[in-house]
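Examination of the molecular architecture
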Amino acid sequence: MSKGPRKSILANFASFAAEAKAQASEAPTPKAEGGNASPPLPDPTATAAPATAPAAPPASPSTPAPQTSGLAQRVGASVIGATQRSIAELREERDRLQALVEAGGTRDIDAALIDPSPFRDRMPDDDEAGFDGFRARFAEEGQKVPAEVRPHPDAPGRFQLVFGHRRWRAARDLGLPLRVIIVAKSDAEVAVSQGIENAERQDLTWIERARFAATLEQAGLKARDIRAALGIDDPELARFRMVLRALPEDVILRIGRAPKAGRPRWVEMAKLAETFPARLAQLPESLSPAKVPTSDGRLQAALAVLRGEADSGDSTMDLHDAQGRRIAQARFSRGSMQLVPERTVADDWAAFLRQDLPDMAARFERWKAER
């Protein structure tokens, strides 16, 4: 047979069977048969005032939807370069605000009037069980620690979280007001404060910290501010960048936050992805939550694919002709495989494979080289 463009084994078999049928002149060989009202809003400029400080008049009940389109303009290089306040000053402010909390200097705000931070640092959990437990404790015991918010820069009368996302989400789900401290901070200061809070809680996973660092960098923060906010050094920031450069965003999101996986696994996966790009292209079909329900399991599955490790489980694949009739079944297990044809076309398969196997072996060698 002449060698044209590469065909699948089914296409080759179909062509072979058609030629055999047309040329048959002897005894016939077996063929396939047929085959509520909002509370008064506080004056945002009275951030550090005690709890008894007078509040500003209520905002208009008609508040516009939250906008974030001005983020890039607000986070200009001149503003970010100075960071307006140093990391040390932001830490001092946090301690001062903590003293204010202990003195009772907090406000209750309708959670529906608060929007999330423009700098997202968390990826979705594998399941909601952890948050469900947190929300139940929030309902039973009340809010123990206030969240921090700022007046929304684009939506008068609304607020934007600096940190306290889970507390805000629980209050919103339960229809309860959120106890907050109101601060006046720029976008840069929000990002750095969020980083300080997360670094000291140490509850973000390695890949979440890497993605948060990238978010800060894209917003215009300088490397020194990112390192200070996250408490990392130059080599770690370089590893963050390397992993995010080597692994596509959709692959990272398919894997998820992987709470048990630290730097070594992510770095290994990034290096393998750069070495074997063909294997990287196979990842999406291996990372379905239906197949692997946990993010740590999906990361392990991704590593197995990138390492070139065989599937440890047995599997089968049915092969069909153009009319949808099954003509063979391929069976795979560790260290072996079988092709079991339907009885009606078994002789045709035997003749086809005798003719096509040499070319198939050559294609197999090319495929191995490409991997």
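The text that follows walks through the structure, step by step, so that each part is easy to find.

Procedures and definitions
- Residues numbered from 1 in each chain as written.
- Predicted model: local features only at pLDDT ≥ 70, side-chain atom pairs only at ≥ 80, totals over all residues.
- Heavy atoms only, no water.
- Pairing = 2+ DSSP bridges.
- Helix = DSSP H or I, 4+ residues; strand = E, 2+ residues; numbered from the N terminus.
- Salt bridge = Lys/Arg side-chain N within 4 Å of Asp/Glu carboxyl O.
- Buried < 20%, exposed > 50% of the residue type's maximum accessible area, 1.4 Å probe, protein only.

**A closer look at the sheet that holds strand 3 (residues 147-151)**
On the basis of which strands lie adjacent, the open sheet formed by five strands has the order 1-5-3-4-2 and mixed pairing. Edge strands, defined here as strands with exactly one partner in the open sheet, are strand 1 (107-110) and strand 2 (114-115). Two strands pair when backbone bridges link them, and strand 3 and strand 4 (residues 159-163) are joined in this way by four bridges, in the antiparallel orientation. Residue pairing across strands places P151 opposite F159, the latter belonging to strand 4.

**Topic: the pattern of salt bridges**
With the rule as written, the count across this model stands at 18 salt bridges. R326 is the partner of D318 in a salt bridge, and the nearest nitrogen-oxygen pair spans 3.3 Å. For D318, a relative accessible area of 35% gives the class partly exposed. One salt bridge connects D359 with R363, and the closest N-O pair in it is separated by 3.0 Å. Of this pair, D359 and R363 both sit in helix 16 (residues 346-370), separated by four residues, roughly a single helical turn. In the salt-bridge network here, residues are joined through shared partners; they are D132, R135, R172 and D173.

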